[in-house]
Amino acid sequence: MINTDELELNEKLIHINRVAKTTSGGRNMSFSALMVVGDGNGHIGFGHAKAKEVPEAIRKASEIAKKSLIFVPRKDGTIHYQVVGRQDASRVMLKPASEGTGVIACTAVRAVLDAVGVKDILTKSQGSRNSLNVVRATFNGLKSLQSPEQIAARRGRSA
């Protein structure tokens, strides 16, 4: 568990969606918010929440994001190796890039990578373009990354 008190977290709103539930009395409108928080130094989390008002949905999503923080190993502003994250019908390929390339990504993936502190990366988003599934796929890909030290330790070697 990562202690959020000592981290300087930046919040980024990715998507707000108006949703309606049809009842016998008519339509009940509410809002869902998708949010990413990160410190730009490897810590990242995302949250998705729903409420009757937009500010409340954003606040709830932010709290959920702070509870789901993970650490992503990085190297010189990029990731160590290529990885593919999957969530339902969405696939996001994350590929390390040389310095000066920038973040080549769609808006949802870009928000996640900016929050984690990745400066140079190539991405490809395939399948469903649903913002929530794309963010989850990116998150799953980043979660599966390991540093060379972790891989060496798992294999019983020295880094």
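So, how was this worked out
Residues numbered from 1 in each chain as written. Predicted model: local features only at pLDDT ≥ 70, side-chain atom pairs only at ≥ 80, totals over all residues. Heavy atoms only, no water. Pairing = 2+ DSSP bridges. Helix = DSSP H or I, 4+ residues; strand = E, 2+ residues; numbered from the N terminus. Contact = heavy atoms within 4.5 Å. Axes fitted to C-alpha atoms, helices over the stretch in contact; angles between N-to-C directions. Buried < 20%, exposed > 50% of the residue type's maximum accessible area, 1.4 Å probe, protein only. Lys, Arg positive; Asp, Glu negative; His and termini not counted. Salt bridge = Lys/Arg side-chain N within 4 Å of Asp/Glu carboxyl O. Polar contact = N/O pair within 3.5 Å; in protein donor to acceptor, adjacent residues only side chain to side chain. Phe/Tyr/Trp six-rings, centres within 6.5 Å; stacked < 30°, edge-to-face > 60°.

Participant: How would you explain the sheet that holds strand 2 (residues 26-38) if you had to name every residue and give the values?
Facilitator: The antiparallel open sheet is built from four strands, whose spatial order is 1-2-3-4. In the strand order of this sheet, the two ends are held by strand 1 (10-23) and strand 4 (70-71), each with one partner. Here strand 3 (residues 43-51) pairs with strand 4 via two bridges, running antiparallel. Counterpart to Ile44 in the pairing with strand 4 is Ile70. The sheet contacts of helix 1 (residues 54-67) involve strand 1, strand 2 and strand 3, and relative to strand 3 the element is tilted by about 145°.

Participant: Give a description of the side chain of Asp39 that names residues and reports values.
Facilitator: Mapping Asp39 onto the fold places it in the loop between strand 2 and strand 3. Buried within the structure, Asp39 lacks any salt-bridge partner; Arg74 is the closest side chain of opposite charge, at an N-O distance of 6.5 Å. Engagement of the side chain of Asp39 in a polar contact is seen with the backbone nitrogen of Asn41, the distance being 2.8 Å. Engagement of the side chain of Asp39 in a polar contact is seen with the side chain of His43, the distance being 2.9 Å. Ignoring any residue separated from it by four or fewer positions in sequence, one finds Asp39 in contact with Leu7, Glu8, Leu9 and Ala115.

Participant: Tell me what's going on with the packing of aromatic side chains, and back it up with residues and numbers.
Facilitator: For the structure shown, the criterion picks out one aromatic pair. Ring geometry for Phe46 against Phe139: centres 4.9 Å apart, planes inclined by 70°, an arrangement best described as edge-to-face. Taken together, the residues Phe46 in strand 3 and Phe139 in helix 3 (residues 131-143) connect sequence positions 93 residues apart. Among the residues examined, Phe46 registers a relative accessible area of 15% and is labelled buried. With a relative accessible area of 5%, Phe139 lands in the buried category.

None of this, on its own, says anything about what the molecule does.
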